[in-house]
Amino acid sequence: MRLDRASVVLTSPNPYGSRTLTIERDRASSVAYLRGSKGTVHGAVWLANHGPAPETVDLARANAGLPPVMPRVNTVNPSGTPPLDAAALSVLWFEEGDGVAIFENGELLAVIPGWSDLERGMPGYARDAVGESPFAWSLAEAMEGLSPRVAKARAYWQWREAEGSWSSFQQFVMGHLDSRLGPPGRYWDVSGARLPVVGVTERPAGYGRDYTVLSTVGMSCQRMPTAELYDTACRIELAIATRQDPGVATRVLLWLGQYPWRSVTWLGHGHTARWFQGPGTFPLDGGHQGVIMLADPVGLPDLSGFAFGGESVRWLWLLPLTDTELRLAQDQGHQVLSDRLAVQSRI
C-alpha cells in the first residue's frame, strides 16, 4: 500500500515521536498510514472510495503503487463518497502510542490498532468497510472490543493533560518507594523534555542494606506498546542496586527509561539489552556490556504493591552482564543465567 502520487490530507505524530499518522488520497480513494520514524509503514487502512467501486481488486492501481480502491462487496458506499475534509478530521492516539483512532465530525471513522500487520493480512478497521479485506476490516463488527479501548484512550489523555496529573502520580510512586526503600536522596529528570516524563529517584544505603537503589519514576504512567500481545505486564518501572557512584549508574536508566515508547516495544522479565556505546563506556564497572532485566530477584527488595490505571506495576531489576553472558543469554535464553546469577556480586 505504497503511495507515489497522492496528496496528504492530515499528519499527526504520536505523543512520543515514534509513529506518525498520515491520511493521503488521490481522486479515487483515501487511505490512512501509520509510519515509523524512518518512514516504514507499520499499519494502514482504507478509508473511502471517491468514485464507483470496482467489482474486484484493481491490480493495476496496486501495481502502480496507488492508494487501493475497495471492491464493491467490501464497502457500504459502492457509489463512493466525497473526498475527506481535513477540517472535519481529528485524531486520538492510544496511551501506548502504537495505535490510533480517527474521527470525522466526532464520529469514529477508523482505527489502526497496535496489532495491525499488513504482512499478516491484518489492516485497520474502517467505518465504511464491510467484512474483511486486505485493505480494511469492518469497524462496526469490531466495536465491542474497540469501543472500550477508544474510551480508555480519551480518558487517559484527558487525565494526563489536566493540571497536577503528573505531580500527583509522581507523589504516589515516591510514597510507595518510601515505604519499601526508605527516604529519598537525589532526583534526576531523564526525560529530555519529551514524553514520556521519566525521573530517577535515589534511595541511599541504609534501611537494612549497604547499597543504593535507583528507580525510575514515570514509566508506569503509560502502558508499554505491544505488551498486551504477549500476555505480560504492561506497566513497569526499572531499578538498579549499586555500590558504585549512583550519579553514574543513573545513565543506565537514562538509556532505557523511554526506550519502549521510542522503539515501540516492551521490556519484560528475562530481557537483555546491550549498551549502545563502545566497550569500556558502560556505566557499571566490572567489564560489563549490558544488562539483564529480572522481576523479583532473590536478595533484592520487594517493590511490588503499586498499581496504576487498574493494573499492577512490575519493577524490573537491572543486573549487569559481560559480553560473554549477553551472548549466552541470546543463544540459549535468559534462564541459563537468571537462575544462577549471584545478585550480591552484581552490585
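The structure displayed is predicted, hence computed values, not measured ones. (Residues numbered from 1 in each chain as written. Predicted model: local features only at pLDDT ≥ 70, side-chain atom pairs only at ≥ 80, totals over all residues. Heavy atoms only, no water.)

## Quick word on the packing of aromatic side chains
Condition: The aromatic pairing rule takes the rings of Phe, Tyr and Trp, using the six-membered ring of Trp, and pairs them if the centres are within 6.5 Å, calling planes under 30 degrees apart stacked, those over 60 edge-to-face and the rest tilted. Criterion for a charge above a ring: Lys NZ or Arg CZ within 6 Å of the ring centre, and within 35 degrees of the ring normal.
For the structure on display, the rule yields 15 aromatic pairs. Ring geometry for Trp275 versus Phe276: centroids 4.7 Å apart, planes at 50°, classification tilted. Aromatic ring contacts, followed pair by pair, group Tyr16, Tyr156, Trp157, Trp159, Trp166, Phe169, Trp261, Phe306, Phe308 and Trp315 into a single cluster. Over the ring of Tyr33 we find Arg35, and its NZ or CZ is 4.8 Å from the ring centre. Over the ring of Phe103 we find Arg154; its NZ or CZ atom is 5.0 Å from the centre of that ring.

## So, helix α4 (residues 246-256)
We apply this condition: Whether a residue is buried, partly exposed or exposed follows from its accessible area with a 1.4 Å probe, protein chains only, as a fraction of its type maximum: under 20%, in between, or over 50%, in that order. For helices the rule is a DSSP run of H or I covering at least 4 residues; for strands it is a run of E covering at least 2, with both sets numbered from the N terminus onward. The term polar contact refers here to a pair of N or O atoms within 3.5 Å; inside protein, the definition further demands a hydrogen-donor-capable atom paired with an acceptor-capable atom, and it admits residues adjacent in sequence only when both atoms are side-chain atoms.
Taken together, the buried positions of α4 are Pro246, Ala249, Thr250, Val252, Leu253, Trp255 and Leu256. For α4, the capping residue at the N-terminal end is Asp245, with a side-chain oxygen 2.9 Å from the backbone nitrogen of Gly247.

## Structural notes on unusual backbone geometry
Here the amide bond leading from Leu195 into Pro196 is cis, since omega sits at -5°, within 30 degrees of zero. Here Pro196 lies in the loop between β10 (187-189) and β11 (199-203). In this structure, Ala193 takes a positive phi of about 60° despite not being glycine. One can find Ala193 in the loop between β10 and β11. One non-glycine residue, Thr226, lies in positive phi territory at about 65°. Take Thr226: it is sitting in the loop between β12 (212-217) and β13 (236-242).

## Some words on the sheet that holds strand β8 (residues 125-126)
Where we set the bar: For two strands to count as paired, DSSP must find a minimum of two bridges between them. Here a residue-residue contact requires only that any non-hydrogen atoms of the pair lie within 4.5 Å. Lines fitted to C-alpha atoms define the axes here, with helix axes fitted over just the stretch in contact, and angles between the N-to-C directions of these axes take values from 0 to 180 degrees.
With mixed pairing, the five strands of this open sheet are ordered in space as β5-β6-β7-β8-β9. Taken across any chain shown, the strands that pair with only one partner, and hence form the sheet edges, are β5 (89-93) and β9 (137-138). Lying over the sheet, helix α2 (residues 143-160) contacts β5, β6 (100-104), β7 (107-112) and β8, oriented at roughly 85° with respect to β5.

## A look at the pairing of β7
Within β7, five of the six residues are buried, which leaves the element mostly enclosed by the surrounding structure. Judged from the five bridges that link them, β6 and β7 form a sheet pairing that is antiparallel. Considered in β7, the bridge of Glu104 is made with Glu107. Between the antiparallel neighbours β6 and β7 lie two residues, among them Asn105 with a positive phi of about 50°. With two bridges joining them, β7 and β8 adopt antiparallel strand pairing. Considered in β8, the bridge of Val111 is made with Tyr125.

Purely spatial values, then, with no claim about function.
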